[in-house]
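# A structural walkthrough
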Amino acid sequence: MTMKKTAVVLLSNRHVHLNREALDILYGEGYELTEKKKLGFPIFAANETVTLAGPKGEISNVRILGPLRPYVQAEILKADNYVLGIDAPVKISGSLDLAPLTLIGPKGEMHLDSVALIAKRHIHMTDEQAAAWGFEKGQNVSVKIGGERGLIFENTAVVFTEIPEPTLHVDIEEGNASGLKNLDVVEILA
Ligand SMILES: [Zn+2]
């Protein structure tokens, strides 16, 4: 019997991560995010949103994900680049050299020279699971999607996280292009 390598799917829409300083500026000194929906501890979707503004246009009601982080980052969709008039690169979350954008909240706004990216698709798994499958941190693998819009996602990064089961993170554009839904199970090709 051959054991297939599989991952469960979690789709993400555009969102922002804020640090303490940014939340102070956008929502007021000492403001605390309120939880709308749990996304897997400790991450949650907040009730609070921001507007993203670029040289060409704006996108409002962009969800803030909590808790606060040490850095500010806007994870947008490829199509958002055209609306905003920026050229955000495809990179792993937490990377440097991102596109500029202005974040607007109810109490203030802030311009950042390096803040917007399109999240590179990736699979979270424990280092034990990765070792069992022979994968290294940062390695790219391919993922096979079945169904009527079936395709193969190449260049999918392996990232190490303490997580109950291997989880494929793709954005809603990738999900729509391939017909994926949350909690679908996909095959990881070695
Ligand atoms: Zn992720």
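Scroll up to find the structure.
Cut-offs and rules
Numbering of residues starts from 1 in each chain and follows the order in which that chain's sequence is written. Totals for whole chains, interfaces and linings use every residue, but because this is a predicted model, local features are given only for residues with pLDDT of at least 70 and side-chain atom pairs only at 80 or more, for both listing and counting. Excluding hydrogens and water, the side-chain values take into account all heavy atoms of the structure. The term nonpolar core refers to a set of buried residues drawn from Ala, Val, Leu, Ile, Met, Phe, Trp, Tyr and Cys, joined through side-chain atoms within 4.5 Å. The classification of residues rests on relative accessible area computed with a 1.4 Å probe and restricted to protein chains. Under 20% of the type maximum is buried, over 50% is exposed, and intermediate values are partly exposed. Per the convention used, a helix needs a DSSP run of H or I reaching at least four residues, while a strand needs a run of E reaching at least two, with both numbered from the N terminus. Here, two residues are considered to be in contact whenever any of their heavy atoms come within 4.5 Å of each other. Buried and open spaces are told apart on a 1 Å grid over the protein atoms alone, a cavity being a set of points where a 1.4 Å probe fits but cannot get out and a pocket being an open set with protein on both sides within 12 Å along at least five of seven lines. Residues with an atom within 4 Å of a point are the lining residues. Grid points are joined across faces, edges and corners, and a volume is the space filled by probe spheres set on the points. When residue character is reported, Ala, Val, Leu, Ile, Met, Phe, Trp, Tyr, Cys and Pro are called nonpolar, Asp, Glu, Lys and Arg charged, and the others, Gly included, polar. Aromatic rings from Phe, Tyr and Trp, taking only the six-membered ring of Trp, are treated as a pair when their centres fall within 6.5 Å; an angle between ring planes under 30 degrees marks them as stacked, one over 60 as edge-to-face, and anything in between as tilted. The split of the chain into domains comes from an automatic or database domain assignment.

It is worth spelling out the nonpolar core at this point. Within the largest apolar cluster, 27 residues are counted, with the highest numbers of intra-cluster contacts made by Leu 18 and Leu 52. Those elements giving two or more residues to this core turn out to be helix 1 (20-27), strand 4 (44-53), strand 5 (58-66), strand 8 (99-104) and strand 9 (109-119). Apart from residues lying up to four places away in sequence, Leu 52 is in contact with Val 16, Gly 57, Glu 58, Ile 59, Val 62, Ala 74, Ile 76, Leu 84, Leu 101, Thr 102 and Leu 103. In this structure, Ala 130, Phe 135, Val 141 and Ile 188 belong to the second largest nonpolar core, which totals 16 residues.

One pass over the structure, following the stated rule, counts 1 cavity of 30 Å³ or more. Forming the walls of the largest cavity are Ser 12, Asn 13, Arg 14, His 15, Glu 75, Ile 76, Leu 77, Ala 119 and Asp 171. For the lining of the largest cavity, the class distribution of residues is 3 nonpolar, 3 polar and 3 charged.

Now for the packing of aromatic side chains. According to the stated counting rule, one finds 2 aromatic pairs in the structure shown. With 5.0 Å between their ring centres and 40 degrees between their planes, Tyr 27 and Tyr 31 make a pair best called tilted. With 6.2 Å between their ring centres and 70 degrees between their planes, Trp 133 and Phe 135 make a pair best called edge-to-face.

Attention now moves to the layout of surface pockets. Its boundaries defined by the atoms lining it, the largest pocket holds a volume of some 1,200 Å³. As for the largest pocket, its lining consists of 44 residues, and the residues nearest its centre are Leu 10, Leu 39, Ile 43, Leu 65 and His 169. Counting residues per element, the ones that place at least two in the lining of the largest pocket are strand 1 (6-12), strand 2 (15-17), strand 3 (35-38), strand 5, strand 10 (122-125), strand 12 (151-160), strand 13 (167-171) and helix 4 (172-178). It is strand 1 that provides the largest number of residues to the lining of the largest pocket, a total of 5 residues. For the lining of the largest pocket, the per-class residue count stands at 19 nonpolar, 12 polar and 13 charged. Mapping the lining of the largest pocket onto the domain boundaries places at least three of its residues in each of domain 1 (6-11 + 121-189) and domain 2 (13-118). Along its surface, the second largest pocket is lined by Lys 78, Val 90, Ile 118, Ala 119, Lys 120, Arg 121, Asn 155, Asp 171, Glu 173 and Glu 174. Secondary-structure elements contributing two or more residues to the lining of the second largest pocket are strand 9 and helix 4.

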